[in-house]
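# Coordinate analysis (summary)
Listed below are the residues making up each chain.
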2 protein chains.
Amino acid sequence: MKIPDSIKKFAEVFSEIPGIGPRQAIRLAFYFINQGIGFNEKVIRAVLSIKDIKLCSQCFNIHQNKTNPRPEDNLCEICADPKRDKNTIAIVEKETDLLSIENTSKFKGKYLILGDLKKSGVLDIQQKLRISSLKSFVKKQNYLFEEIIIAVNPTTYGDLNADIIAKELKPFAKKISRLGKGIPTGGEIEFADKETLSEAIERRK
Amino acid sequence: MKIPDSIKKFAEVFSEIPGIGPRQAIRLAFYFINQGIGFNEKVIRAVLSIKDIKLCSQCFNIHQNKTNPRPEDNLCEICADPKRDKNTIAIVEKETDLLSIENTSKFKGKYLILGDLKKSGVLDIQQKLRISSLKSFVKKQNYLFEEIIIAVNPTTYGDLNADIIAKELKPFAKKISRLGKGIPTGGEIEFADKETLSEAIERRK
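Report on the accompanying structure. Bear in mind that the values here come from a model prediction, so they are computed numbers and not experimental data.

Right, let's talk about the pattern of salt bridges for a bit. Applying the stated criterion across every chain yields a total of 24 salt bridges over all chains. Across the salt bridge formed by A:Asp159 and A:Arg178, the nearest N and O atoms sit 2.7 Å from each other. Placement of the pair is A:Asp159 in helix H6 (residues 156–169) and A:Arg178 in strand S6 (residues 173–178), with a sequence separation of 19 residues. The exposure class of A:Asp159 is partly exposed, given its relative accessible area of 23%. Measuring nitrogen to oxygen at the nearest pair gives 3.6 Å for the salt bridge that ties B:Lys181 to B:Asp159. Separated by 22 residues along the polypeptide, B:Lys181 in the loop between strand S6 (173–178) and helix H7 (194–202) and B:Asp159 in helix H6 (residues 156–169) bring together distant segments of the chain. For B:Lys181, a relative accessible area of 23% translates into the label partly exposed. Look at the salt bridges and you will find they share partners, linking A:Asp159, A:Arg178, A:Lys181, A:Glu199 and A:Arg203 into a network.

This is the structure we're talking about:
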């Protein structure tokens, strides 16, 4: 039995999505076929419904401003909010990280979303462009940022990328910081790895 | 920052897909937005392209017969193939299991696709209907199947379901079997679990 071309094509498109491998993509095609036309139409409507969501020209967060004749109107609600501290910038990988930080209500500054960091520890073209846009913002304003918080995951490649970003942005901020490392709330000392526990001891207060 | 309703709706639809949780569904929405309209259109085209794939009225495998005025024409290429042995039926969970078995070229019979088995070990309505359709097939033909192979995974709930299916179908076949269990080719005796090794000893030849 040959797999129909339309299923192969479907699997090809869906396996471009991160987290979906070629085998899962084939299984997905069969799932869609078994669900029938009603489900497929629901998926199409869902994909169509997000097409008027745009990216903020400043921080690359999502926004839904319907009319944006001037670039300065193409801002997300955080960048457009005059109450947010424009001198403190948190650099995050993805929108879901921004949402998690927003949920704490502990951060009143603005953001820059970089996009998923590569495990190679090398910034891609889009990430370089986004960092450049932050630099030109500083140059235009003619003052340095108070603080840039590099809020990327404390993983090996997160650390690697954070060092590169810190080096790039050092001339543009009075202070460059990263999120605190240590034992997570609810965690147990006994099960903390050596690295985490060392950080927790150094950062005690 | 509030998540736009369209993203919430998108995540709701996509988290219905098995293997995609609510968090991954939100990340998917952001991924789609970042990919832009070109990617979204590609996804929509892929979903639309599989809409003329139908399910075989006999074994519930997929097929692409364009015209099917009579139910007997609504058959997949395996069920429509007069060279396949109609007296031997393999009962599989999903299309991908069927494809794997077809790839061996060792099975010349026909199939019945049941759909994903529940971990509870209880057959759902659709599965009961599909088994009933197999029974009525036997009643109509007025002879028993030579063999029904219950080709479900040898997991705990696979075994549980296999027992139920075997009991249901016993009056309709001369022989009910399951796939052989043992050490997989390339596997090592040292690392085989006790259950597998016991089966391998019992089924030696």
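We are not done yet, so read on.
Once that is clear, we can look at the environment of A:Ile189. Along the chain, A:Ile189 falls in the loop between S6 and helix H7 (194–202). The class for A:Ile189 is exposed, based on a relative accessible area of 58%.

Turning our attention to the sheet that holds strand S3 (residues 85–92) of chain A. All names here are of chain A. An order of S4-S3-S5-S6 is seen for the four strands of this open sheet, with the pairing classed as parallel. Edge strands, defined here as strands with exactly one partner in the open sheet, are strand S4 (109–113) and S6. The mean angle between the axes of side-by-side strands here comes to 25°, regardless of whether they run parallel or antiparallel. For S3 and strand S5 (residues 145–150), the ladder comprises four bridges, and the chain directions are parallel. The partner of Ala90 across the bridge, within S5, is Ile149. Against the sheet, helix H4 (residues 95–104) makes contact with S3 and S4, and its axis sits at roughly 160° relative to S4, the strand it touches most.

The next thing to look at is the packing of helix H2 (residues 22–35) of chain A against helix H3 (residues 37–49) of chain A. All names here are of chain A. One can describe the packing of H2 onto H3 by two numbers: an axis separation of 5 Å at closest approach and a directional angle of 115°. Where H2 abuts H3, its residues Tyr31, Phe32 and Gln35 lie against Ile37, Phe39, Asn40 and Val43. Split by residue class, the contact of H2 with H3 holds five nonpolar, two polar and no charged.

All names here are of chain A. Applying the stated criterion to the full structure yields 16 aromatic pairs over all chains. Arranged with centres 6.1 Å apart and planes meeting at 10°, the rings of Phe137 and Phe145 form a pair that is stacked. Both residues of the pair, Phe137 and Phe145, count as buried. Note that Arg130 overlies the ring of Phe60, its terminal NZ or CZ placed 4.1 Å from the centroid.

Helix H2 (residues 22–35) of chain B packs onto H4(A) with a crossing angle of 125° between their chain directions and a minimal axis gap of 9 Å. Between H4(A) and H2(B), the angle is such that the two are oblique. Taken together, the residues of H2(B) that come into contact with H4(A) (itself represented by A:Glu95, A:Thr96 and A:Leu99) are B:Ile26, B:Arg27, B:Phe30 and B:Asn34.

All names here are of chain A. The end-to-end C-alpha distance of H6, which contains 14 residues, comes to 20 Å, matching closely the 20 Å that a straight helix rising 1.5 Å per residue would cover. Within the span of H6, buried status applies to Gly158, Asn161, Ala162, Ile165 and Leu169. Angular distribution of buried residues about the axis of H6 spans 110°; they occupy a single face of the element. Residues of H6 that are exposed and point over 90 degrees away from its buried face: Thr156, Asp163 and Lys167.

Conventions and cut-offs
- Sequence order as written defines the numbering, with residues in each chain counted from 1.
- Labels are handed out in written order, letters beginning with A for the chains and numbers beginning with 1 for the ligands.
- This being a predicted model, a pLDDT of at least 70 is required before a residue's local features are given, and a value of 80 or more before pairs of side-chain atoms are given or counted; all residues contribute to the totals for chains, interfaces and linings.
- With hydrogens and water excluded, all non-hydrogen atoms of the structure serve as input to the side-chain values.
- What makes a salt bridge here is a side-chain nitrogen of Lys or Arg within 4 Å of a carboxyl oxygen of Asp or Glu, nothing more.
- Per the convention used, a helix needs a DSSP run of H or I reaching at least four residues, while a strand needs a run of E reaching at least two, with both numbered from the N terminus.
- Only protein chains enter the calculation, and the probe is 1.4 Å; a residue is then buried if its accessible area is under 20% of its type maximum, exposed if over 50%, and partly exposed in between.
- Two strands form a pair only when DSSP identifies at least two bridges running between them.
- Working convention: axes come from line fits to C-alpha atoms, limited for helices to the stretch in contact. Angles between N-to-C directions cover 0 to 180 degrees.
- Residues are treated as being in contact if the distance between any of their heavy atoms lies within 4.5 Å.
- Gly is placed with the polar residues, together with every amino acid not listed as nonpolar (Ala, Val, Leu, Ile, Met, Phe, Trp, Tyr, Cys and Pro) or charged (Asp, Glu, Lys and Arg).
- Two rings from Phe, Tyr or Trp (for Trp, the six-membered ring) form a pair when their centres sit within 6.5 Å of each other. Planes less than 30 degrees apart are called stacked, planes more than 60 degrees apart edge-to-face, and all others tilted.
- Here, a charge over a ring is recorded when the distance from Lys NZ or Arg CZ to the ring centre is within 6 Å and its angle to the ring normal is within 35 degrees.
- Each angle gets one of four labels, with under 35 degrees taken as roughly parallel, over 145 as roughly antiparallel, 65 to 115 as roughly perpendicular, and the rest as oblique.
- By this rule the span expected of a helix is its residue count minus one, scaled by 1.5 Å.
- Throughout, the arc means the angular range of directions from the helix axis out to the C-beta atoms.

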